[in-house]
Amino acid sequence: MQAEKYISNDPNEIIALKMPAHREIFLSKIMLIILFVAFFKDFESNKNEPIVWIFAISFVAIFLVISSITSKKIQFIINKKGFWTKKHNFISWEDVWYYSIKEQDFTRSGHNSFYELQFKLKEKQIVITIKFENINCKIEDIQRSLSIYTKSFNIHDLGYEKERHW
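Figured I'd write up the structure that's included with this text. Computed from a predicted structure; not experimentally measured.

Together, Ile-33, Phe-36, Val-37 and Phe-40 give the surface a local cluster of nonpolar side chains, amounting to about 400 Å² of exposed area. Given the relative accessible area of 37%, Phe-40 is considered partly exposed.

Moving on, we get to the pattern of salt bridges. Tallied over the entire structure, the rule returns five salt bridges. Put simply, Asp-105 and Lys-162 hold a salt bridge, and the shortest N to O gap is 3.8 Å. One end of the pair, Asp-105, is in strand 5 (residues 96-105); the other, Lys-162, is in strand 8 (residues 156-164), with 57 residues separating them in the sequence. Look at Asp-105 and you get buried, because its relative accessible area is 2%. By relative accessible area, which is 38% here, Lys-162 ends up partly exposed.

Attention shifts here to the sheet that holds strand 5. Taken in spatial order, the four strands line up as 7-6-5-8 in an open sheet, and their pairing is mixed. Strand pairing shows two members of the sheet lacking a second neighbour, strand 7 (127-132) and strand 8, which therefore form its edges. When the angles between neighbouring strand axes are averaged without regard to direction, this sheet yields 15°. Bridge analysis of strand 5 against strand 8 gives seven bridges, and the strand direction is parallel. Within strand 8, the residue paired with Ile-101 across the bridge is Tyr-160.

What counts and how
Residues numbered from 1 in each chain as written. Predicted model: local features only at pLDDT ≥ 70, side-chain atom pairs only at ≥ 80, totals over all residues. Heavy atoms only, no water. Patch = residues over 30% accessible without salt bridge, like charges linked within 9 Å, V, L, I, M, F, W, Y side chains within 5 Å. Areas by Shrake-Rupley, 256 points an atom, 1.4 Å probe, with all protein chains shown as cover. Salt bridge = Lys/Arg side-chain N within 4 Å of Asp/Glu carboxyl O. Buried < 20%, exposed > 50% of the residue type's maximum accessible area, 1.4 Å probe, protein only. Helix = DSSP H or I, 4+ residues; strand = E, 2+ residues; numbered from the N terminus. Pairing = 2+ DSSP bridges. Axes fitted to C-alpha atoms, helices over the stretch in contact; angles between N-to-C directions.

In structure tokens:
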């Protein structure tokens, strides 16, 4: 993957990985129940019905393949040199004018929230938006790393905004 070449192993570096969403965890529990039911149905009937096992195992295998493709991918990297996203590749801190973080909250519990990290570039008059949810790091860690890395480049922090949609 292209992202690995931008990893610096700096202690404040953020490597944001996509984590399983609640629906994926729920579906994995259903997959276990399907296998459990198939096992006991076959055990109870004292018949060795391979069609039940073929169906159950293929159903679980398809789910595992799909979930392995969609999870644990690098969403973005933030380090001392700049930030990386799959869509925008690597952007140096020297090219950034300001940044902001916005939380979009769709429930009172915050379970359906997602974040937008926006970077305004100096020369190109472009705003790069990174939308993310279900990642392996906390928003506070992202804010801290951004504060540390952008300070020496005189990049303006426009702050944190929370929008509630309920």
